[in-house]
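# Survey of secondary and tertiary structure
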Amino acid sequence: MERPAIEGGVPVRASKISYGHQYIDEDDIQAVVDVLRSDYLTCGPKITELEKKLCEVTGAKYAVVCSNGTAALHIACMAAGVGAGDEVITTPITFAASANCALYCGARPVFADINPETYNISPASVEKCVTDKSKAVVAVDFTGQSVELDELLKICQEHKMVLIEDGAHVIGTKYKGRANGSIADMTTFSFHPVKTITGGEGGAVLTNSEEYYQKLLLYRSHGITRDENLLEHESDGAWYYEQIDLGYNYRMTDMQAALIISQLDKLEMFSKRRKEIVARYDEAFSKLEGIVVQKEIPDSDTTRHLYILRIEPEKFLVDRRRFFEALGAENVCCNVHYIPTYYFPYYEKLGYQKGICPNAEKLYEEIITLPLYYAMTDEDVESVIEAVSKIANYYLK
């Protein structure tokens, strides 16, 4: 018989703690204020400065910043030549944008299953999904742990596909000693507030290809250029520009760029603290029966964006939902990342059905995202551990 909900007593925390939160200091604020007092609010010098800094941080030759991570994925797919009739292979354990970017281009997303231990897309499953219509792979560095880039690059090269690394979670991570952002054909970043680095919103595409770089610049800004080498007609004067392709208004503001530049100065500090919290969580949760800790591949020196707690339902008297709600009652506010993309009604209407990726579907039923962000104190971390331990021990069969 199921035990009743934990009642009475005092929650382990007196105040609520969110699963994620931005960290903004006075330097960040001043950087934005300086732009507000300058001559440029958009399309100004901070855009170029940020793109240069991203290249320095990642080792990539080129960076193109844009309005958000979804825009970054869209223009990356466009630069890769994804179009009607093509297929783009991705993971279902991700935000919808990783698959939607294929739909934006008229292509069809194909979902490959995950590695049940690392939760990242499985190269073996990707290989099984390849057809003569396969144009690109969008591989998500889930939680910040790098995907197996060498294996994925090999598959893409063999089948003449483009590897787009959806690095929305991955800034600060290194794969085999190289910063993520400099390895795949293109890597996209997101600067949403819950990410390690934030600009409020914002995105970027990193690449070592000049061909992709030139296309990305066009697609970011209406397909318009002033580059004399790209003009198709004779110039009318210094004001002249041409639209030579169909692009979008995916520009970033200088205020966002200034904030991201300031945040990047703290990347090492952010990364160090996140690693400390993850290490403490892993140490504590690996000792709890019925709790599974995400496995990390030796090749990934990970700056974790999310911390995923996985429960083994068969060992508890409650399911994931009750576990989640019990954590909330302890003032530990959690989340779930992610609902498999093809579960959504829009994808159902496109003909996708459950059962495509059994590992991903099982994972979804068992995961909870715990608080993880730079400003968490040691006391915050210990109270999260205490709450998880309290609930796990109470409901253990």
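Residues numbered from 1 in each chain as written. Predicted model: local features only at pLDDT ≥ 70, side-chain atom pairs only at ≥ 80, totals over all residues. Heavy atoms only, no water.

### A closer look at the overall build of the protein chain
Stated formally: Secondary structure counts use DSSP, requiring at least four H or I residues in a row for a helix and at least two E residues in a row for a strand, with both numbered from the N terminus. Both definitions apply: the radius of gyration is a C-alpha atom measure, and the globule rule equals 2.2 Å times residues to the power 0.38. Each residue gets one of three labels from its accessible area relative to the maximum for its type: buried under 20%, exposed over 50%, partly exposed in between, using a 1.4 Å probe on protein chains only. Contact between two residues is taken to exist if any of their heavy atoms lie within 4.5 Å; hydrogens are not considered. By the counting scheme adopted, Arg and Lys are positive, Glu and Asp are negative, and His together with the chain ends is not counted. Lysine's charge is taken at NZ, arginine's at CZ, aspartate's at CG and glutamate's at CD.
Looking only at helices and strands, the protein chain has 13 helices and 15 strands in total. Expected size for 397 residues packed as a compact globule is a radius of gyration near 21 Å; at 22 Å, the protein chain falls within 12% of this value. When the backbone C-alpha atoms are referred to their principal axes, the protein chain occupies close to 80 × 55 × 40 Å. For the protein chain, the residues scored as buried account for 56% of the 397 residues in total. The contacts of the protein chain with a sequence gap of at least 6 include a subset with a gap of at least 24, amounting to 74%. The centroid of the 41 positive side-chain charges in the protein chain is displaced by 4 Å from the centroid of its 59 negative side-chain charges.

### Points about helix H8 (residues 254-264)
For an α-helix, 3.6 residues make a turn, and residues three or four places apart therefore share a direction. With 10 of 11 residues buried, H8 is to be regarded as a mostly interior element. Restricting attention to buried positions, one finds in H8 the residues Asp 254, Gln 256, Ala 257, Ala 258, Leu 259, Ile 260, Ile 261, Ser 262, Gln 263 and Leu 264. Of the surrounding secondary structure, the elements contacted by the buried residues of H8 are helix H1 (26-36), helix H2 (45-58) and helix H9 (267-285).

### Some points on helix H6 (residues 149-158)
Here is the rule: The arc in question is the one spanned by the directions pointing from the helix axis to the C-beta atoms.
Listing the buried residues of H6 in full gives Leu 149, Leu 152, Leu 153, Ile 155 and Cys 156. The buried residues of H6 occupy an angular sector of 160° when the element is viewed end-on, so they sit on one face. Residues of H6 that are exposed and point over 90 degrees away from its buried face: Lys 154 and Gln 157. Considering only its buried residues, H6 is in contact with helix H5 (123-129), strand S4 (134-140), strand S5 (162-166) and strand S6 (174-175). Just beyond H6, the residue with positive phi is Lys 160, at close to 55°.

### Some details on the sheet that holds strand S12 (residues 291-293)
Spelled out, the test is: For two strands to pair, DSSP has to find at least two bridges joining them. To get an axis, fit a line to the C-alpha atoms, keeping to the stretch in contact for a helix; angles then go from 0 to 180 degrees between the N-to-C directions.
Here we have 3 strands laid out as an open sheet, ordered S12-S14-S15, and antiparallel in their pairing. Whereas interior strands pair on both sides, the edge strands pair on one side only; in this sheet they are S12 and strand S15 (367-370). Pairs of neighbouring strands in the sheet enclose a mean axial angle of 35°, with direction left out of account. In the sheet, strand S14 (residues 307-311) pairs with S15 via 4 bridges, with the strands oriented antiparallel. The residue of S15 that forms the bridge with Ile 308 is Thr 369. The strands touched by helix H10 (residues 320-329) are S12, S14 and S15; relative to S15, the strand with the most contacts, the crossing angle is about 20°.

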